[in-house]
Every structure is written in structure tokens, then in C-alpha cells.
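The residues making up each chain are set out below.
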Amino acid sequence: MNTFRKEIKGTDGSVQDVLINSVDQIDIMIGSNYKLVKICNQNKKSFKDSILGTDIGIHSNGFANVTIISLVLAIGALLLMYFQFRI
């Protein structure tokens, strides 16, 4: 099978027919559940909105979050070193 045909529904409800042909007669190995385009949902929380992906700088909104995380990690590292190297 050197052709692939699929109907794609748009966000506005329109239906378009997509046809993929192989010009060199090689079989197209695409299953019927293959997605041609991944549509990103705008309601999903992205990495940029998370605590690890925020902009870090003194005048940015994510500065306090990064400072708190770094303080917790530093205190945890000091406690770990204290208990590991205690004689």
C-alpha cells in the first residue's frame, strides 16, 4: 500500500481529506490511529509556568521560588554532610 488517506477534523468543525502518496512505490507504514499533528491544548500548564521553568532574576516573578528551593537544598546538603562525616 503506497497511499495513505485520512479525514482530519479541524477545530472549527471542518473536515479535510489528507492523501499521502509514495512516488517511488515504497509502502507507507502508517497505522489508522497515527496522528499527523499534535494539537497543544492551551489550558495545559506548560514547563514555563512551573516552579522550575520560571524566569530567574532579581526583578522577575520567579526569584523568590528559586531562592526558597536553593535554601532548602543547601540546608539539606549541610545536614547530609553533617550526618555523613560525623565521627
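For the structure, check the block above.
(A) Main features of the overall build of the protein chain. Per the secondary structure count, the protein chain includes 1 helix and 2 strands. Beginning at the N terminus, the succession of helices and strands in the protein chain can be written as β-β-α. Looking at the 87 residues of the protein chain, the share that counts as buried comes to 8%. In the protein chain, of all internal contacts separated by at least 6 residues, the share reaching a separation of at least 24 is 25%. Accessible surface, the protein chain as shown: approximately 8,200 Å² in total, 61% of it carbon and sulfur.

(B) Representation of the pairing of strand β1 (residues 3-9) in the model. For β1 and strand β2 (residues 15-21), the ladder comprises 7 bridges, and the chain directions are antiparallel. Note on β2: the bridge partner recorded for Lys9 is Val15. Taking the residues that link successive antiparallel strands as the turn, the β1-β2 hairpin has 5 residues, and the phi of Gly13 there is positive, at about 95°.

(C) Geometry of the packing of aromatic side chains. For the structure shown, the criterion picks out 1 aromatic pair. Geometrically, the ring pair formed by Tyr82 and Phe83 is edge-to-face, given 5.3 Å between the ring centres and 70° between the ring planes.

(D) Structural context of the environment of Phe4. Tracing the backbone through its elements, the reader meets Phe4 in strand β1. Classification of Phe4 as buried rests on a relative accessible area of 6%. A sequence separation of 23 residues divides Phe4 from Asp27, and the C-alpha atoms of the two residues are 9.6 Å apart.

(E) Molecular detail of the environment of Asn65. For Asn65, the location among the structural elements is in helix α1 (residues 63-84). Classification of Asn65 by relative accessible area gives partly exposed; the value is 30%. Between the C-alpha atom of Asn65 and that of Leu52, which follows or precedes it by 13 residues, the distance is 8.6 Å.

Conventions we followed
Residues numbered from 1 in each chain as written. Predicted model: local features only at pLDDT ≥ 70, side-chain atom pairs only at ≥ 80, totals over all residues. Heavy atoms only, no water. Helix = DSSP H or I, 4+ residues; strand = E, 2+ residues; numbered from the N terminus. Buried < 20%, exposed > 50% of the residue type's maximum accessible area, 1.4 Å probe, protein only. Contact = heavy atoms within 4.5 Å. Areas by Shrake-Rupley, 256 points an atom, 1.4 Å probe, with all protein chains shown as cover. Pairing = 2+ DSSP bridges. Phe/Tyr/Trp six-rings, centres within 6.5 Å; stacked < 30°, edge-to-face > 60°.

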